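Coordinates in review
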Amino acid sequence: MRSIKQRSLLAMLLCHHGAVAHSDILIDALWGAEAGQAGNQRLRLQLHRLRRTLGAATVIEHQSTGYQLRVPPDSVDAWRFERLVREGRQALESKSLVRGSDLLRAALDMWRGPALSGLDDISFLHRQATRLDEQRLAALADRIDADLRLRRHAQLVGELSALVREHPLRERFRGQLMLALYRGGRQAEALEVYRDGRRILSKDLGLEPSLELRRLQAAILTSDSSLGAGLTGANGHAVHRRHDHRHAGGCPHCSKRAR
């Protein structure tokens, strides 16, 4: 599909997840003020061309306020990604760490580049691209949490080091790297990762690290036994050890977070 207008129109219809996309929103996104009185006519022409390009298998229905695209759920990568992420998180909540990690990895493997690449100059699509990328990073952090609990810390250090360089203000990745280094016997490096983050936060934002990250640093300094919590048995289910009553909630990093 070569036409940027048709690609943008298709993307906007898909981003409505089967709901009706209002004509005014589509017209404003595609032409803005230059649409004038001809906006509806221009939109109908683009929809006619889009239907012809997509073929009879794809249904675009006209509703009273706009247009609705009907396609099978698994035919849209973004929808499949979101479904796999939901299933992965459900598996993690039921303590099926291996299955949860595998489902999240399958979801993340679907990404081949930035969301809606080449279309995000339209504000509506830019917001959608930002939302999808945030979902990707959250799913990635959840998958890394699962892998940490599965004792895969040695394999995670390289990946997490790159993520911390790419996203220096995302404390969740920084805490995960600190924990992976500590569990690999690299306590001094874990503490240096904390100090680097503190310097960046102070310089760029005038802030201190979060309470969670400070607690993790304190636990690493004292080699707190809670940092070994969340390890798993052979069946991939979590096995929490007894530890100091000061961290009765579990490892400061592995504790459940609100999303």
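Calculation notes
Residues numbered from 1 in each chain as written. Predicted model: local features only at pLDDT ≥ 70, side-chain atom pairs only at ≥ 80, totals over all residues. Heavy atoms only, no water. Helix = DSSP H or I, 4+ residues; strand = E, 2+ residues; numbered from the N terminus. Buried < 20%, exposed > 50% of the residue type's maximum accessible area, 1.4 Å probe, protein only. Contact = heavy atoms within 4.5 Å. Areas by Shrake-Rupley, 256 points an atom, 1.4 Å probe, with all protein chains shown as cover. 1 Å grid on protein atoms, 1.4 Å probe; cavity = no way out; pocket = protein on both sides within 12 Å on 5 of 7 lines; lining within 4 Å. Points joined across faces, edges and corners; volume = space filled by probe spheres on them. Nonpolar A, V, L, I, M, F, W, Y, C, P; charged D, E, K, R; others polar. Axes fitted to C-alpha atoms, helices over the stretch in contact; angles between N-to-C directions. Parallel < 35°, antiparallel > 145°, perpendicular 65-115°, else oblique. Left-handed = near helix turned anticlockwise from the far one by under 90°. Pairing = 2+ DSSP bridges. Salt bridge = Lys/Arg side-chain N within 4 Å of Asp/Glu carboxyl O. Core = buried A, V, L, I, M, F, W, Y, C linked by side-chain atoms within 4.5 Å. Expected span 1.5 Å × (residues − 1). Arc of directions from axis to C-beta.

1. Examining the overall build of the protein
Helix and strand counts for the protein come out as 10 helices and 3 strands. Its helices and strands in sequence order give the protein the pattern α-β-α-α-β-β-α-α-α-α-α-α-α, from N to C terminus. Expressed as a percentage of the 259 residues in the protein, the buried residues total 43%. When contacts within the protein are restricted to residue pairs at least 6 apart in sequence, those whose partners lie at least 24 apart make up 60%. Surface exposure of the protein reaches about 14,100 Å², of which carbon and sulfur atoms provide 50%.

2. Some thoughts on the layout of surface pockets
By volume, the largest pocket amounts to about 690 Å³. Every residue lining the largest pocket is counted, 27 residues in all, and those nearest its centre are Leu-14, Val-76, Asp-77, Ala-78 and Leu-116. Of all the elements in the fold, those that place two or more residues in the lining of the largest pocket are helix H1 (4–14), helix H4 (77–93) and helix H6 (123–149). Class assignment for the residues of the lining of the largest pocket results in 18 nonpolar, 5 polar and 4 charged.

3. Notes on the packing of H6 against helix H7 (residues 153–166)
Running from N to C, H6 and H7 cross one another at 155°; their axes reach a closest spacing of 10 Å. Between H6 and H7, the angle is such that the two are roughly antiparallel. In the packing of H6 onto H7, the handedness of the crossing is left-handed. Mapping the contact onto sequence places Leu-140, Arg-143, Ile-144, Asp-147 and Leu-148 in H6 and His-153, Leu-156, Glu-159, Leu-160 and Leu-163 in H7.

4. Notes on the environment of Ala-115
Locating Ala-115 in the fold gives a position in the loop between helix H5 (97–108) and H6. Residue classification places Ala-115 among the buried residues on the basis of a relative accessible area of 15%. Placed 10 residues apart in sequence, Ala-115 and Leu-125 show a C-alpha to C-alpha distance of 9.4 Å. Contact partners of Ala-115, with chain neighbours within four places excluded, come to Ala-129 and Leu-132.

5. Points about the sheet that holds strand E2 (residues 59–62)
The antiparallel open sheet is built from 3 strands, whose spatial order is E1-E3-E2. Edge positions in the sheet fall to strand E1 (21–22) and E2, since each of these pairs with one other strand and no more. Bridging between E2 and strand E3 (residues 66–70) involves 4 bridges; their strand directions are antiparallel. Its bridge partner being in E3, Glu-61 is matched across the sheet by Gln-68.

6. Regarding the pattern of salt bridges
Two side chains with opposite charge may pair up if their charged atoms get near one another. On inspection of all chains with the given rule, the structure shows 21 salt bridges. Measuring nitrogen to oxygen at the nearest pair gives 3.0 Å for the salt bridge that ties Arg-143 to Asp-147. Separated by 4 residues within a single helix, Arg-143 and Asp-147 lie in helix H6, roughly one turn from each other. The exposure classification of Arg-143 matches that of Asp-147, with both residues buried. Taken together, the salt bridges that share partners define one network made up of Asp-102, Arg-105, Arg-143, Asp-147, Arg-152 and Glu-159.

7. Re the nonpolar core
One finds Phe-81, Ile-144, Leu-160, Phe-173, Met-178 and Ile-220 to be the most contacted residues of the largest nonpolar core, which totals 44 residues. Breaking this core down by element, the ones donating at least two residues are H4, H5, H6, H7, helix H8 (171–183), helix H9 (187–205) and helix H10 (211–221). Here this core takes 9 residues from H6, the largest share from any one element. Here Met-178 is in contact with Ala-190, Val-193, Tyr-194, Leu-213, Leu-216, Gln-217 and Ile-220, once residues within four sequence places are set aside.

8. Let's talk about helix H3 (residues 39–54)
In a regular helix each residue adds 1.5 Å, so 16 residues correspond to 22 Å; H3 covers 22 Å between its end C-alpha atoms and thus fits that length. Every buried residue belonging to H3 is among Gly-39, Leu-43, Gln-46, Leu-47 and Leu-50, and all of these are buried. Buried residues along H3 cover an arc of 105° about the axis, so they all sit on one side. Looking at H3, the residues exposed on the side facing more than 90 degrees away from the buried face are Gln-41 and Arg-52. Looking one or two places after H3, you find Gly-55, whose phi comes out positive at around 90°.

9. Remarks on the packing of H6 against H8
Two elements in contact, H6 and H8, have axes separated by 11 Å at closest approach and are oriented at 20°. Classified by the angle between their axes, H6 and H8 sit roughly parallel to one another. H8 is crossed by H6, and the crossing has left-handed handedness. Residues Leu-137, Ala-138, Leu-140, Ala-141, Asp-142, Ile-144, Asp-145, Leu-148 and Arg-149 of H6 form the contact with H8, whose participating residues are Arg-172, Phe-173, Gln-176, Leu-179, Ala-180 and Arg-183. Each residue belonging to the contact of H6 with H8 can be placed in one class, and the counts come to 9 nonpolar, 1 polar and 5 charged.

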